[in-house]
Amino acid sequence: MNWIKTTALALSLGLAALAPAAAQDFPKGPVKIIIPFPPGGPTDTVGRLLGQKLQETWGQPVIIDYKPGAGTVIGADFVAKSVPDGQTIGMVNSSLAVNPTLRKKLPYDTQKDLAGVTQLFNMQLAIVAHPNAPFNNLRELIDYARKNPGKLNYGTPGAGSTTHLGAELLKREAGFEMQHIAMKGSAPAHTELMGGRLDLVVDPFLSILPYVQGGRMKIIATMGDKRVAGHDYPTVAETIPGFNVGALLGFVAPAGTPKPVLQKIQADTAKALASADVQKRAQEFGLQVVGSTPEQFDAFIASEMKRWGRIVTDAKIEQE
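Residues numbered from 1 in each chain as written. Predicted model: local features only at pLDDT ≥ 70, side-chain atom pairs only at ≥ 80, totals over all residues. Heavy atoms only, no water.

Student: Describe the overall build of the protein, with residues and values.
Tutor: The number of helices and strands found in the protein is 12 helices and 10 strands. Computed over the C-alpha atoms, the radius of gyration of the protein is 19 Å, within 12% of the 20 Å expected from 2.2 N^0.38 for a compact globule of 320 residues. The dimensions of the protein, computed from C-alpha atoms along their principal axes, are 65 × 40 × 30 Å. When burial is assessed residue by residue, the protein has 55% of its 320 residues classed as buried. Contacts spanning at least 24 positions in sequence make up 79% of the contacts within the protein whose residues lie at least 6 apart. Between the mean site of the 32 positive side-chain charges and the mean site of the 28 negative ones, the protein shows a separation of 1 Å. (Helix = DSSP H or I, 4+ residues; strand = E, 2+ residues; numbered from the N terminus. Rg over C-alpha atoms; globule rule 2.2 N^0.38 Å. Buried < 20%, exposed > 50% of the residue type's maximum accessible area, 1.4 Å probe, protein only. Contact = heavy atoms within 4.5 Å. Lys, Arg positive; Asp, Glu negative; His and termini not counted. Charge placed at Lys NZ, Arg CZ, Asp CG, Glu CD.)

Student: Would you mind going over the pattern of salt bridges in detail, with residue names and values included?
Tutor: Tallying each qualifying case throughout the model produces 16 salt bridges. Of the charged contacts, one joins R48 and D44 as a salt bridge, the two residues approaching to 3.1 Å between their closest N and O atoms. Within this pair, R48 and its partner D44 are both found in helix 2 (residues 42–58), separated by four residues, close to a single helical turn. The class of R48 is partly exposed, set by a relative accessible area of 41%. The class of D44 is buried, set by a relative accessible area of 2%. Put simply, E304 and R307 hold a salt bridge, and the shortest N to O gap is 3.8 Å. (Salt bridge = Lys/Arg side-chain N within 4 Å of Asp/Glu carboxyl O.)

Student: Which residues make up the nonpolar core, and what values go with them?
Tutor: Ranked by internal contacts, the top residues of the largest apolar core, which has 82 residues, are F121, F135, L138, L170, L200, V236 and F251. Other than its neighbours up to four places away in sequence, L138 contacts L170, I220, A221, V236, T239 and I240. Listed in part, the 14 residues of the second largest apolar core include L193, F205, I208 and L209. (Core = buried A, V, L, I, M, F, W, Y, C linked by side-chain atoms within 4.5 Å.)

Student: Give a description of the layout of surface pockets that names residues and reports values.
Tutor: By volume, the largest pocket is sized at about 930 Å³. The wall of the largest pocket is formed by 44 residues, among which F37, P38, P157, G185 and S186 lie closest to the centre. Only helix 2, helix 4 (95–102), strand 4 (114–129), helix 7 (162–174), helix 8 (186–194), strand 7 (200–204) and helix 9 (205–213) provide two or more residues apiece to the lining of the largest pocket. Broken down by element, the residue count for the lining of the largest pocket peaks at four residues, all from helix 8. Residues belonging to the lining of the largest pocket are distributed by class as follows: 20 nonpolar, 21 polar and three charged. (1 Å grid on protein atoms, 1.4 Å probe; cavity = no way out; pocket = protein on both sides within 12 Å on 5 of 7 lines; lining within 4 Å. Points joined across faces, edges and corners; volume = space filled by probe spheres on them. Nonpolar A, V, L, I, M, F, W, Y, C, P; charged D, E, K, R; others polar.)

Student: Can you tell me about the packing of aromatic side chains, naming the residues and giving the values?
Tutor: Here the structure, examined in full by the defined rule, presents three aromatic pairs. If you follow K67 out to its NZ or CZ, it ends over the ring of F78, 4.5 Å from the centre. Between the NZ or CZ atom of R307 and the centre of the ring of W308, over which it lies, the distance is 4.8 Å. (Phe/Tyr/Trp six-rings, centres within 6.5 Å; stacked < 30°, edge-to-face > 60°. Lys NZ or Arg CZ within 6 Å of the ring centre and 35° of its normal.)

Student: Give a description of the pairing of strand 1 (residues 31–35) that names residues and reports values.
Tutor: With respect to burial, strand 1 is a largely interior element, four of its five residues being buried. With three bridges connecting them, strand 1 and strand 3 (residues 88–93) associate as parallel partners. Bridge pairing links I34 to G90 in strand 3. (Pairing = 2+ DSSP bridges.)

Student: Pulling in residues and values, what's your account of empty space enclosed by the protein?
Tutor: Following the criterion strictly, the structure yields one cavity of 30 Å³ or more and no others. Quantified by volume, the largest cavity comes out at close to 60 Å³. Of all elements in the fold, only helix 3 (73–80) and strand 3 reach the threshold of two or more residues within the lining of the largest cavity. The leading source of residues in the lining of the largest cavity is strand 3, at four residues. Looking at the lining of the largest cavity, its residues break down into seven nonpolar, four polar and no charged.

Student: Before we move on, can you summarise the environment of P258 with the specific residues and values?
Tutor: Along the chain, P258 turns up in the loop between strand 9 (246–254) and helix 10 (259–274). Spatially, the C-alpha atoms of P258 and G166 are 35 Å apart, while their sequence positions differ by 92 residues.

Student: Could you give an account of the packing of helix 10 against helix 11 (residues 276–285), naming the residues involved and the relevant values?
Tutor: Relative orientation of the contacting elements helix 10 and helix 11 amounts to 65°, with a least axis distance of 5 Å. Classed by the angle they form, the pair helix 10 and helix 11 counts as roughly perpendicular. When helix 10 is examined against helix 11, the residues A272, L273 and A274 are found in contact with a partner set consisting of A276, V278 and Q279. Here the contact of helix 10 with helix 11 is composed, by residue class, of five nonpolar, one polar and no charged. (Axes fitted to C-alpha atoms, helices over the stretch in contact; angles between N-to-C directions. Parallel < 35°, antiparallel > 145°, perpendicular 65-115°, else oblique.)

Student: Just give me the short version of the side chain of D268, but keep the residues and values in it.
Tutor: On the secondary structure map, D268 appears in helix 10. D268 sits in the buried class, given a relative accessible area of 5%. Filtering out sequence-adjacent residues up to four positions away, D268 remains in contact with L54, T57 and W58.

Set out below in structure tokens:
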């Protein structure tokens, strides 16, 4: 239950950030939420739910606009170059913190051109296998990999993704090898796993859960330090103490957006996150609600850039 207490504290901080009078006329028209993935994925699911809540609060249309590609760079760049008035908000994930080290050239500066609004959720990741795989838990997987060097592969939604880096960290911590196969999104990785062409997939918990519940995949372990609330699946930390890898989902805005506007968006988003239906959906998906302030989110992104930067450098992963 500790994560619930943490969530309540974070939400109270967010709800306390009351927007000053200067932002009371925001928004003045339709607001766009830029999602850096195609429709239908986990980011889209929660983005649309929050967009609906904000539309009800603001009395203005909230439009979901998809800008997929280049490992979220296209979407983030669109936000960075938008008018800094709060009418354009970007949904981001951990790629925001990974890309500065992963990619040689970014068309924006993560810390100078984007302003944090709030971390929405911490998203659990999971390692899944085909139901007929010759291992059922992490210890069995590690033993199998060590006895069969070079045999195992694993797929992720793409090179340099948090799922990829989390798996690389696991390999290093546990002392075994498996080959990474970068897929163009979660759906192709799922198809290849269920077709027997991949041994494992590392993906967000909410993305694989329907397949696990349908008996088409089995969970080897989740990658957070605690079991997903409402679901009884073992964690990597139960085998490798201290291991903890998750992915963030958050809102950012163009740098230069007035602070009162950022605070109003954050406060209204915190109210949406506190609603019963969002809380229920978050638990179903294995998402931990956060609701941090803009200052807290900026600080968290800076710390994540350092953390993932070390892993990218050590694993010698690079994208153009």
